[in-house]
There are 2 protein chains.
Amino acid sequence: MSAKIIDGKAIAENLRNTIAAEVADIAARTGAQPGLAVVLVGNDPASEVYVGSKARQTVAVGMRSFEHRLPADVPEAELLALVARLNADDAVDGILVQLPLPAHINTDRVIEAIDPAKDVDGFHPVNAGRLLIGLPTLVACTPLGSLLLLQSVHQDFSGLSAVVVGRSNIVGKPVAQLLLQHNATVTIAHSRTRDLPAVVRAADIVVAAVGRPELVRGEWIKSGATVIDVGINRLPQEPGAAKGRLVGDVAFDEAVKVAGAITPVPGGVGPMTIACLLRNTLQAFRARRFGE
Amino acid sequence: MSAKIIDGKAIAENLRNTIAAEVADIAARTGAQPGLAVVLVGNDPASEVYVGSKARQTVAVGMRSFEHRLPADVPEAELLALVARLNADDAVDGILVQLPLPAHINTDRVIEAIDPAKDVDGFHPVNAGRLLIGLPTLVACTPLGSLLLLQSVHQDFSGLSAVVVGRSNIVGKPVAQLLLQHNATVTIAHSRTRDLPAVVRAADIVVAAVGRPELVRGEWIKSGATVIDVGINRLPQEPGAAKGRLVGDVAFDEAVKVAGAITPVPGGVGPMTIACLLRNTLQAFRARRFGE
């Protein structure tokens, strides 16, 4: 038996198409257009690539993209002043400050300076709190993308047990809250968990978000379980290869033989993240401009 | 074998004594005194009793107690105006609006109107979010009290598995976050959980916060586990009795034979809640007045 492959690329494309249609419809009816501002500090190569993809996809769905680049040694006060201007700018519905920030900048302070109504990354404490409480909110993109992929397999999670491996603020904790909201029985496991294989083996849904290449083995997976692999790890370069191979937190070749459904890496959760960013921008736009 | 009884009454008294000593010390050094404002809308008898206990204990540890009573039909705007005045009042370090509120008042709106720095109930989304993210915050009193009782048994929860039965915003979800922060492997179970007895039986720590009398049976408890019973349920009155017996969410007489340690009801989590409210008021006072 081989698992169904959850095609994140196709699901993300569908989502982008739905967003584009809605943006076009709103533009035709009202003339209004959502805008997303992305702030990049410094020139970390991975961040550059990511910011570039965001800008292209933002424009592709019919939204306005505003890119702000600041030097790596920008004073924190200057970054905060930019955030304040974007908060006040009515053409900006979503604000994303690309992380990580240089060490001299207090990341928490910058995130808390963003207007929660424009916090399309869902990292502001108000939005994290609204998620915990179960109020409507902007949900962090990777957790939201993981949920949508799970929902392509399961209508509802009632009676299912889910394990989230990893307790980060940007993935593990919010994904656990989303699973709980959707009625899964949720276990959060992490580096201090005793007998992680047994904990994973008890779960109908496994979300791996720990950042350790192929940590979760095939023999840890319950037969027929749904596996969402959030990890993207680059292995050391092998002789003759241009660069190291990308792998997830799950040993895919093993797990695919046991699971009922599984996301590949790349092509699983990855493409969903930017699609969910656009979805959040549209949500923020509708809430701000039409009170929806 | 019979479990160690976790004496919430004694632990709460110790905590209040520590707080009183610190309040006296600060008063002697600086002349400043923490103040707690409690707002009661209407005259629900249980709320009256609870508010009365809070005021007495507040004064007993050397803090100032401000009680505000509003009629059950008070317009929401008037309650919000009172909250705004308390936010602005420098003598007030903590604000607690006693719940439940009458149906014509939007509870979320009232909670969100409280200055998060004075939100000693820990219900404001900013404080819930800071808890989720792991930032310093005011933690809701009953979850905090449950944690302190657990810490009277376990130094650290690394390698231990915990199950929280119940996913309410005021107990289940925050208690799960606290356990996770302290390195337990945490499972959140609830009404939709399949085979709850098996889920509970796997846990080294059980927190029952579901509001169903004696739902958790002794045979569900793993031998030697620590059991925190947050439930307080009054059973129907028996013939000849003045009122019904108080029981928790755990069948105490059964569980005490299996558990390693267990809280009684009453006298377990209950007394901790007000003690933790005073602790939060002191924390808010120190943060507001001395930036600690």
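All residue numbers here refer to positions counted from 1 along the written sequence of the relevant chain. Think of it this way: whatever chain is written first is A, whatever ligand is written first is 1, and the rest follow in order. The model is predicted, so local features are restricted to residues of pLDDT at least 70 and side-chain atom pairs to those at 80 or more, both for listing and for counting; the totals for chains, interfaces and linings are taken over all residues. To obtain the side-chain values, all non-hydrogen atoms of the structure were included, while hydrogens and water were left out.

The name given to chain A in an unreviewed UniProt entry is Bifunctional protein FolD, with Pseudochelatococcus contaminans as the source organism. UniProt positions are given in the numbering used here, feature names are shortened, and annotations may be inferred rather than shown by experiment. Looking at the Pathway (unreviewed entry) heading of the UniProt record, one finds this comment for chain A: "One-carbon metabolism; tetrahydrofolate interconversion." Under the heading Subunit (unreviewed entry), UniProt records this for chain A: "Homodimer."

Before going further, it helps to examine the domain arrangement of chain A. Annotation of chain A at the domain level lists domain 1 (31-115) and domain 2 (141-271). If you average the C-alpha positions of domain 1 of chain A and of domain 2 of chain A, the two centres end up 29 Å apart. Segmentation into domains, and thus their bounds, comes from an automatic or database assignment.

Residues and elements named next belong to chain A. Covered by surrounding structure in strand 4 (residues 94-97) are G94 and L96 together with I95 and V97, the residues of both alternating faces. Being paired, for any two strands, means DSSP has found at least two bridges between them. For the purposes of this entry, the term helix denotes a DSSP run of H or I that reaches at least four residues, the term strand denotes a run of E that reaches at least two, and both are numbered from the N terminus. Pairing of strand 2 (residues 35-41) with strand 4, which is carried by 4 bridges, proceeds in the parallel orientation. Bridge assignment links V38 to a residue of strand 4, and that residue is L96. Relative accessible area decides the class of each residue, using a 1.4 Å probe on protein chains only: under 20% of the type maximum gives buried, over 50% gives exposed, and in between gives partly exposed.

Now for the nonpolar core. By nonpolar core we mean a set of buried residues, namely Ala, Val, Leu, Ile, Met, Phe, Trp, Tyr and Cys, connected to one another through side-chain atoms within 4.5 Å. By size, the foremost hydrophobic cluster in this structure holds 104 residues, and its most contacted members are A:L179, A:V207, B:L179 and B:V207. By definition in these notes, contact holds between two residues if any of their heavy atoms fall within 4.5 Å. Every residue in contact with A:L179, bar those within four places of it in the chain, is listed here: A:L150, A:F157, A:A162, A:V164, A:A184, A:V186 and A:V207. In terms of nonpolar packing, the next biggest core, distinct from the first, is built from 21 residues, A:A189, A:V216, A:W220 and A:I221 among them.

Below, the discussion takes up the UniProt feature "domain: Tetrahydrofolate dehydrogenase/cyclohydrolase NAD(P)-binding" (unreviewed entry) in chain A. Residues annotated in UniProt with the feature "domain: Tetrahydrofolate dehydrogenase/cyclohydrolase NAD(P)-binding" (unreviewed entry) correspond here to residues 140-287 of chain A. What you have in residues 140-287 of chain A is 34% helix and 16% strand, and the ends, taken at the C-alpha atoms, are 17 Å apart.

On to the packing of helix 7 (residues 172-181) of chain A against helix 7 (residues 172-181) of chain B. Structural elements are reduced to axes, namely lines fitted to C-alpha atoms, with helices fitted over the stretch in contact, and the angle between N-to-C directions of any two is expressed from 0 to 180 degrees. The geometry of helix 7 of chain A relative to helix 7 of chain B is characterised by a closest axis approach of 13 Å and an angle of 150 degrees between their N-to-C directions. Considering only the axes of helix 7 of chain A and helix 7 of chain B, their crossing is right-handed. Mapping the contact onto sequence places A:K173, A:Q177 and A:L180 in helix 7 of chain A and B:K173, B:Q177 and B:L180 in helix 7 of chain B. Charged residues are taken to be Asp, Glu, Lys and Arg, nonpolar residues to be Ala, Val, Leu, Ile, Met, Phe, Trp, Tyr, Cys and Pro, and polar residues to be all remaining types, Gly included. Of the residues in the contact of helix 7 of chain A with helix 7 of chain B, the class split is 2 nonpolar, 2 polar and 2 charged. Left-handed describes a crossing whose near helix is turned anticlockwise from the far helix through less than a right angle; right-handed describes the clockwise counterpart.

Next up on the list: the confidence of the model for chain A. pLDDT expresses how confident the predictor is about each individual residue, on a scale running from 0 to 100. Residue-level pLDDT values for chain A average 97, and 100% of them are 70 or greater. With a pTM of 0.96, the predicted complex shows an ipTM of 0.94.

The next subject is unusual backbone geometry. Omega for the peptide link from A:V265 to A:P266 comes to -5 degrees, which places this bond in the cis form. Here the amide bond leading from B:L99 into B:P100 is cis, since omega sits at 0 degrees, within 30 degrees of zero. Within the secondary structure, B:P100 is located in the loop between strand 4 (94-97) and helix 4 (107-113). Unusually for a residue other than glycine, A:E214 sits at a positive phi of about 55 degrees. Given a relative accessible area of 24%, A:E214 falls into the partly exposed group.

The next thing to look at is the interface of chain A and chain B. Chain A puts 34 residues into the contact, and the matching count from chain B is 34 residues. Buried area counts how much accessible surface, traced with a 1.4 Å probe, disappears from two parts once they are put together, with both parts' losses summed. Summed over both sides, the interface of chain A with chain B buries roughly 2,900 Å², with 53% coming from carbon and sulfur. When the buried surface of chain A facing chain B is broken down by residue, A:L132, A:I133 and A:L180 rank first, second and third, together holding 20% of it. In the sections that follow, a salt bridge refers to a side-chain nitrogen of Lys or Arg positioned within 4 Å of a carboxyl oxygen of Asp or Glu. Where chain A touches chain B, the interface holds 4 salt bridges. Among the salt bridges present, the one from A:R130 reaches B:E112, with a minimum N-O distance of 3.3 Å.

Residue and element names in this part refer to chain B. With respect to the helices and strands, H190 occurs in the loop between strand 6 (185-189) and helix 8 (196-201). Using a relative accessible area of 5% as the deciding quantity, one classes H190 as buried. Along the primary structure H190 and V164 are separated by 26 residues, whereas in three dimensions their C-alpha atoms are 8.3 Å apart.

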